[in-house]
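Descriptive structure summary
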Amino acid sequence: MTSRDAVRLWDAEAPGFDLAADHGLLDPAVRAAWSRLMHDLLPPPASRVADLGCGTGTLALLLAEHGHAVDGIDFSPEMVERALTKTAHEPDVNVTEADAYDPPLAPGDYDVVLSRHVLWAMPDPVEALRRWSALLAPEGRLVLVEGYWSQGDGTRGGLTAQEVVAALGAVGRTGSVHPLPDPQLWGKRIDDERYAVVSLAP
């Protein structure tokens, strides 16, 4: 899939994207579960957060409500349009149309680089992690929410936690794995691998 094809794919997904429980966080119980998770994984506010592949801006909005300052980027114009609308009342959220694989953000400026279900889609996850790590301040952390799931056609999508930790090792970082089996995070029971990997300063 070319980059242009990927943009068209995610543009097409944008109108219904927030209908998934873990995307739109429209259910108060799901939203509360993600709020607790972000509180547990991120440093205290007000931290500077780069939300890479921010989609419709749901997590950017949630983090701003926690007191963080968030720069979100996504390469889908349709996603960005929805994120801008969703976060218009939050002065501490900026959303830009750009590619998460090569984020046009200032090196060394961020306390957190956050991605949710984005690393698996990068053309080279190791190179993506190298670029994302360069955005971090000396004591900054990567927070990577990923999974390894059935795609319904007999194939699997995503990355295993072991693969993410290995990719971090290739760029000189370690990672701690936090399994995320709680159905409230996803709005349903799951039987696949969902987790977060947190990589603190080397």
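As a reminder, the structure under discussion sits directly above these lines.
Residues numbered from 1 in each chain as written. Predicted model: local features only at pLDDT ≥ 70, side-chain atom pairs only at ≥ 80, totals over all residues. Heavy atoms only, no water.

**Details of the overall build of the protein chain**
Here is the rule: In DSSP terms, a helix is any run of H or I states spanning at least four residues, a strand is any run of E spanning at least two, and both are numbered starting from the N terminus. The atom set for the radius of gyration is the C-alpha atoms, and the globule formula is 2.2 Å times the number of residues raised to the power 0.38. Think of it in three bands: residues with accessible area under 20% of the maximum for their type are buried, residues over 50% are exposed, and the middle band is partly exposed, with areas taken using a 1.4 Å probe on protein chains only. Contacts are assigned to residue pairs with any non-hydrogen atoms lying within 4.5 Å of each other. Per-residue and other accessible areas follow the Shrake-Rupley method at a 1.4 Å probe size, with only the shown protein chains counted as cover for residues.
Scanning the protein chain from N- to C-terminus turns up 8 helices and 8 strands. Taking 17 Å as the expected radius of gyration for a compact globule of 202 residues, we find that the protein chain reaches 16 Å, a close match to that expectation. Considered along the principal axes of its C-alpha atoms, the protein chain spans approximately 40 × 40 × 35 Å. For the protein chain, with 202 residues in total, the buried portion stands at 47%. Considering only contacts in the protein chain between residues 6 or more positions apart, those separated by 24 or more positions represent 65%. Accessible surface, the protein chain: about 9600 Å² in total, of which carbon and sulfur atoms supply 53%.

**A few points about the layout of surface pockets**
Selection rule: Grid spacing is 1 Å over the protein atoms alone, the probe is 1.4 Å, and a cavity is where that probe fits but cannot get out, while a pocket is an open set with protein on both sides within 12 Å along at least five of seven lines and lining residues have an atom within 4 Å of a point. Grid points are joined across faces, edges and corners, and a volume is the space filled by probe spheres set on the points. Throughout, the ten residues Ala, Val, Leu, Ile, Met, Phe, Trp, Tyr, Cys and Pro are labelled nonpolar, Asp, Glu, Lys and Arg are labelled charged, and all others, Gly among them, are labelled polar.
Within this model, the largest pocket holds a volume of roughly 1100 Å³. Elements with a contribution of two residues or more to the lining of the largest pocket: helix H1 (3-13), helix H2 (21-24) and helix H4 (58-65). The dominant element in the lining of the largest pocket, judged by the number of residues it contributes, is H1, at 5 residues. For the lining of the largest pocket, the per-class residue count stands at 21 nonpolar, 9 polar and 9 charged.

**Side note on the environment of valine 49**
Of note, valine 49 is situated in strand E1 (residues 48-52). For the pair valine 49 and threonine 160, spaced 111 residues apart in sequence, the C-alpha separation works out to 24 Å.

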